[in-house]
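Observations on the model geometry
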Amino acid sequence: MLFFLGAALAFQPRSSSSSSSSASKWWCRGGAAEDDSIVILETSPIEGMRPGTSGLRKKTRVWVEDPTYTLNFAQSLMDGWCVPKGVRSLVIGGDGREYSGECFEILASVAAANGVHRIVAPKGGVISTPAASALVRRLGVDGAVLMTASHNPGGLDGDFGIKFNDRDGSPAREDLTEAVYAASKTLKRIYIKRTNPLINNNVEMVDANDAYVAVLRECFDFEFLREKLRRASFVFDAMHGAAGPAARRVLADELQGDPSCLLRCDPRPDFGGGHPDPNLKWAADLASRFGLDSTGSSTSNFEDIFPVIGCACDGDGDRNMIVGAGIFVTPSDSLAVLAARAHKIRWFGRKLAAVARSMPTSRAVDRVAAHLGIPCLETPTGWKYFGNLMERYSPFLCGEESFGTGADHVREKDGLWAFLAWLSILDDGETVKDVMHSHWRQFGRDLYARYDFEEVDAASAAEMFDFLRSRDGVEEFDYTDPVDGSRATRQGIILDFPDTNERAVFRLSGTGSAGATVRLYLERYVPNPAQKDLDAVPAIVLADLARTAMSFARLPDFLGKSDPDVVT
Ligand code: G16
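Procedures and definitions
Residues numbered from 1 in each chain as written. Predicted model: local features only at pLDDT ≥ 70, side-chain atom pairs only at ≥ 80, totals over all residues. Heavy atoms only, no water. UniProt positions renumbered as here; feature names shortened; annotations may be inferred. Helix = DSSP H or I, 4+ residues; strand = E, 2+ residues; numbered from the N terminus. Rg over C-alpha atoms; globule rule 2.2 N^0.38 Å. Buried < 20%, exposed > 50% of the residue type's maximum accessible area, 1.4 Å probe, protein only. Contact = heavy atoms within 4.5 Å. Areas by Shrake-Rupley, 256 points an atom, 1.4 Å probe, with all protein chains shown as cover. Lys, Arg positive; Asp, Glu negative; His and termini not counted. Charge placed at Lys NZ, Arg CZ, Asp CG, Glu CD. Core = buried A, V, L, I, M, F, W, Y, C linked by side-chain atoms within 4.5 Å. Near = heavy atom within 4 Å. Polar contact = N/O pair within 3.5 Å; in protein donor to acceptor, adjacent residues only side chain to side chain. Pairing = 2+ DSSP bridges. Axes fitted to C-alpha atoms, helices over the stretch in contact; angles between N-to-C directions. 1 Å grid on protein atoms, 1.4 Å probe; cavity = no way out; pocket = protein on both sides within 12 Å on 5 of 7 lines; lining within 4 Å. Points joined across faces, edges and corners; volume = space filled by probe spheres on them. Nonpolar A, V, L, I, M, F, W, Y, C, P; charged D, E, K, R; others polar.

Taking an unreviewed UniProt entry as the reference, the protein chain is identified by name as phosphoglucomutase (alpha-D-glucose-1,6-bisphosphate-dependent) belonging to Chrysophaeum taylorii. Recorded in UniProt under Sequence similarities (unreviewed entry), the annotation for the protein chain is "Belongs to the phosphohexose mutase family." UniProt, in the comment section headed Catalytic activity (unreviewed entry), describes the protein chain in these words: "alpha-D-glucose 1-phosphate = alpha-D-glucose 6-phosphate".

A few points about the overall build of the protein chain
Each helix and strand counted, the protein chain has 19 helices and 26 strands in total. Here the protein chain has a C-alpha radius of gyration of 23 Å; the compact-globule value for 568 residues is 24 Å, and the two agree. The principal-axis extent of the C-alpha atoms belonging to the protein chain is close to 80 × 55 × 40 Å. Looking at the 568 residues of the protein chain, the share that counts as buried comes to 61%. Counted over contacts in the protein chain with a minimum sequence separation of 6, partners at least 24 positions apart contribute 73%. In the form shown here, the protein chain has an accessible surface area of approximately 20700 Å², with 48% of it arising from carbon and sulfur atoms. Seen as two clouds, the 63 positive and the 77 negative side-chain charges of the protein chain have centres 3 Å apart.

Overview of the nonpolar core
With 77 residues, the main nonpolar core has Phe220, Phe236, Leu251, Leu416, Trp417, Leu420 and Trp422 as its most contacted residues. Here this core gets nine residues from one element, more than from any other, and that element is helix α13 (residues 415-425). Residues contacting Leu251, with those up to four places away along its chain left out, are Leu229, Phe234, Phe236, Gln256, Gly257, Leu262, Leu416, Phe419 and Leu420. If you look at the next biggest cluster of nonpolar residues, it comprises 39 residues, including Trp81, Leu107, Val145 and Ile192.

Looking at the site of the ligand
The environment of the ligand is made up of 19 residues, and the closest members are Glu400, Ser509, Gly510, Thr511 and Arg519. Separating an oxygen atom of the ligand from a side-chain N or O atom of Thr53 is a distance of 2.7 Å. Here an oxygen atom of the ligand and a side-chain polar atom of Arg319 are 2.7 Å apart. Notes on the ligand: free accessible area 460 Å², of which the protein chains cover 99%.

Points about the sheet that holds strand β16 (residues 376-379)
Pairing within the open sheet is mixed, and its four strands lie in the order β16-β15-β17-β18. Each edge of the sheet is formed by a strand with only one pairing partner; in this case those strands are β16 and β18 (404-407). Between one strand axis and the next, the sheet turns through 15 degrees on average, direction left out of account. Packed on one face of the sheet, helix α10 (residues 331-340) meets β15 (354-358), β17 (396-400) and β18 and runs near 165 degrees to β17. Where helix α12 (residues 384-392) meets the sheet, it contacts β15, β16, β17 and β18, and its direction lies at approximately 170 degrees from that of β17.

Brief notes about the pairing of strand β23 (residues 493-497)
Where strand β20 (residues 474-476) meets β23, three bridges bridge the pair, whose relative direction is antiparallel. Among the inter-strand pairings, Glu476 is bridged to a residue of β23, identified as Ile493.

Some details on the layout of surface pockets
In this structure, the largest pocket spans a volume of roughly 1100 Å³. Taken together, 36 residues make up the lining of the largest pocket; nearest its centre are Gly52, Thr53, Leu508, Ser509 and Gly510. At the level of elements, β3 (56-59), α5 (174-185), α12, α15 (458-470), β24 (502-508) and β25 (516-526) are the ones that each hand at least two residues to the lining of the largest pocket. Sorting elements by how many residues they give to the lining of the largest pocket places α15 first, with five residues. Lining the second largest pocket are 24 residues, with Asn152, Pro153, His275, Glu454 and Thr517 positioned closest to its centre. Of all the secondary structure elements, the ones that give two or more residues to the lining of the second largest pocket are β19 (445-456) and β25.

Describing empty space enclosed by the protein
Counting across every chain of the model gives four cavities of 30 Å³ or more. Of the voids in this model, the largest cavity is the one considered here, and its volume is about 240 Å³. For the lining of the largest cavity, a count of residues per class yields two nonpolar, 11 polar and 13 charged. Considered as a void within the structure, the second largest cavity measures approximately 70 Å³ in volume. Around the second largest cavity, the lining residues are Pro51, Gly52, Thr53, Ser54, Gly55, Lys163, Phe164, Pro171, Ala172, Thr177 and Lys384.

Structural notes on the sheet that holds strand β13 (residues 320-324)
In spatial order, the strands read β11-β10-β12-β13-β14; together these five strands make up an open sheet with mixed pairing. Every other strand in the sheet has two partners, leaving β11 (262-263) and β14 (327-329) as the edge strands with one partner each. Here β13 pairs with β14 via three bridges, running antiparallel. Residue pairing in the sheet places Val323 in a bridge with Phe328 of β14.

Right, dumping it as structure tokens:
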């Protein structure tokens, strides 16, 4: 994907009047240069621009069909964030999905008119989310604006999104996203530097992965991993997302892994027509290469014919799924195993300072933290909540059930990092199944599955949550950040079943682009697992708990669905 290098921008203002460029000299916002090239367009607020769990995500057509949509959000970013916070330098890039080129022009032009003097863009336009976080930190710029809808499909019929990261490289925290939303509701004017910033040399083009690979080198012993890849076969699937170029550079060029083990490592605007979400449903090709079906059940008795380890990453390269021959590793278990074997990962040195997980993530990592004698913190869903904790605890490991794993090397979750971490903790001759079984024998097994009910009616979903709140015996998760005291409320409804060591959690997704998605998280702890518990497939054995929870919430009545759309 190449950014547009065409002629000057031709915006259509939402309302008819736009001020002339000659009148704009005194409009030098946020320190923008006083020149005649700044144009002011009048506009009016557009509803629904509240960023979700990670940015504003909408159907691509919403952005494409009315250019004012992007203009309004770009100016809201300036009014709510860049101007009041004195942001003068930004990384602007993204996962390269459809509409990124046009969007870049708008973002860069609006930023330049609002005092952002330095714009850093990845050559070719594509940068993964963790690489962008690394770049912000290495260059010391004031933040990043990232064009991505993460694991959501791309293309004109898919999704597009914009998220922004603070100067520490962390996804914007709630106070900033709320300030941007508030700005969107009172917006009157858009300021545009009506020149092509690429032609005017306002934009500095850099390699997308130099800073990132340098950080990965600090995290891992590349010499050791090179040896590892000589003996352990692997498959890495970038799903045509932004992790591909870095994966090729690290796994093939630096670690001399077999390039034929790299799948879909060329980023494409439509992700090759696929759904770039690394789970058993959407990364089914990878799963089948390890003898797994869509429930995570093994389909073969001959597991030694499969590669040792596999990993898939999502559209913007921050999520990961780990599989081995005949075994799918839940993200919650992946976090627990990495914590238990952290001493094998260079970044963690001799001892982790703390671990953290989002509330709906299973409690497998808590057991490891107790064993290690380190704090285990519980946050709401959303990587942004880990940022403050990373400032207090280092080295730090954290993860989420939503296929996110990472550390304090950057301030985003990191798919390629997770794969290198797994390669680091695998002993010679050990399989992924060996790792999991020995972990479960030591700590017990937290069987875990998630049901997703997608694109349901938002009002009906809200009614179901109100109904749940009205029931006895439920707990609603609220959070107070231990570092800055900020609060996040209504972060999920918990049903505890202490007699059976089971828990179910209901939560509304914050990453959808249409309607509402209800998630039901299911877990059961088995303290001393017998062989049948080691071999159990969570999606199958937790079906009864799912039925109980769904009937407790009267979910089929409210949502009109008796079966989930996706089980992971
Ligand atoms: C985003 C956040 C994650 C979060 C996930 C949850 O992931 O970055 O921290 O766990 O959303 O999504 P939902 O609200 O739909 O459950 P991503 O990879 O989509 O940016």
